[in-house]
Amino acid sequence: MQGSNTQQNLAKKFEQGYISKQELGQLRRLALESILNEFEITPNSAVKVLNTKRTKIDLKKLSTLIGYDIRPVNIRQSFKDMIISAEIALKTASIITTEKDTNEKRRETAQNFIAFIKTRLDEPTYEWPTNLKGNLYRKAIWAYFLDTPLEEVEYTSPLLTKNTQIAKMLADIDVKIANNEVKKISFSSDSALDEMSETMKSRAISKLRQQLKEMQEKVTEEREARLKVEKELEQFKQAKKRLLGSTTCALKAGSIY
């Protein structure tokens, strides 16, 4: 209760704008402790401050939750130990996903997909989806594996290209399709739409990159112009000082006579 009263009093000082630096640090610590205590009691409530992959606490999200003008850099500098302890507790409670869990899940997915492909290869009547170019339509086979409608699958998994064994299996299927060794079903229209979408995305990204480049060049030009003006202004000030100095000396010399 006392800690709560202290936090309320400090919060009032903060709102009124006369809190000291030391008191601000104390207020932020109390606010953080309150949040971390909530996470300890109800671990699931910590999800709101985790990063997208749920591998660690997102300090930017946590800063917003704490308030009192705290920034991620303040948390890293002053409360690092508290964050480390909280993350360990959240990993123990299986709220934070460890890198090992992620890798294990990836391996499991790869094994399941390989088994899925091998089973289909053992079925002579299976129809392999093909794209506009007549190759295996990767997005469709991935949708089949996920048992998800094709229109709901936005991207294929990186496993299809990054996993050496999977990439080779799919390349072999491309050869079988080309040699008419397997049955196939055309998804030309779907793959054409995909290709069009990718082209449009690429153009949009290219346009944004060009705009960013132009903005960066403009900022550079403005910075150089500002530096030039500042340099000229400094030269003017120095010239003015020299002029005033020489005038003063002349006046002093004239006063002798």
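Residues numbered from 1 in each chain as written. Predicted model: local features only at pLDDT ≥ 70, side-chain atom pairs only at ≥ 80, totals over all residues. Heavy atoms only, no water.

Details of the nonpolar core
Next, step 1: Grouped together as the largest cluster of nonpolar side chains are 24 residues, with contacts concentrated most on Phe-113, Ile-117, Trp-128, Ile-141, Ile-166, Leu-170 and Ile-173.
Next, step 2: For this core, the secondary-structure elements that each account for two or more residues are α6 (99-121), α7 (138-146), α8 (159-162) and α9 (164-178).
Next, step 3: The contact partners of Ile-173, leaving out residues within four places of it in the chain, are Ile-117, Leu-121, Trp-128 and Leu-136. (Core = buried A, V, L, I, M, F, W, Y, C linked by side-chain atoms within 4.5 Å. Buried < 20%, exposed > 50% of the residue type's maximum accessible area, 1.4 Å probe, protein only. Helix = DSSP H or I, 4+ residues; strand = E, 2+ residues; numbered from the N terminus. Contact = heavy atoms within 4.5 Å.)

Overview of helix α3 (residues 59-66)
Next, step 1: Among all positions in α3, only Leu-59, Leu-62, Ser-63 and Ile-66 are buried. Along the axis of α3, the buried positions cluster into a sector of 105 degrees, meaning they face one direction only. Within α3, the exposed residues directed more than 90 degrees away from the buried face are Lys-60 and Thr-64.
Next, step 2: Buried-residue contacts for α3 involve α2 (21-41), α4 (72-78) and α5 (80-92).
Next, step 3: Where α3 begins, the side chain of Asp-58 points an oxygen toward the backbone nitrogen of Lys-60, at a separation of 2.9 Å.
Next, step 4: Of the residues one or two after α3, Gly-67 is the one with positive phi, at around 80 degrees. (Arc of directions from axis to C-beta. Polar contact = N/O pair within 3.5 Å; in protein donor to acceptor, adjacent residues only side chain to side chain.)

A few points about the side chain of Asn-131
Next, step 1: Its location among the elements puts Asn-131 in the loop between β1 (127-130) and α7.
Next, step 2: Among the polar contacts made by the side chain of Asn-131, one reaches the main-chain amide nitrogen of Lys-133 at a distance of 3.0 Å.

Considerations on a negative patch on the surface
Next, step 1: Taken together, the side chains of Glu-214, Glu-217, Glu-221, Glu-222 and Glu-224 present a region of like negative charge at the surface.
Next, step 2: By the secondary structure assignment, Glu-224 is in helix α10 (residues 188-256). (Patch = residues over 30% accessible without salt bridge, like charges linked within 9 Å, V, L, I, M, F, W, Y side chains within 5 Å. Areas by Shrake-Rupley, 256 points an atom, 1.4 Å probe, with all protein chains shown as cover. Salt bridge = Lys/Arg side-chain N within 4 Å of Asp/Glu carboxyl O. Lys, Arg positive; Asp, Glu negative; His and termini not counted. Charge placed at Lys NZ, Arg CZ, Asp CG, Glu CD.)

Description of the confidence of the model for the protein
Next, step 1: Chain-level statistics for the protein give a pLDDT mean of 81 and a share of 84% at 70 or above.
Next, step 2: Here α10 stands out as the element of the protein with the lowest mean pLDDT, 67, in contrast to α9, whose mean of 93 is the highest. (pLDDT = per-residue confidence, 0-100.)

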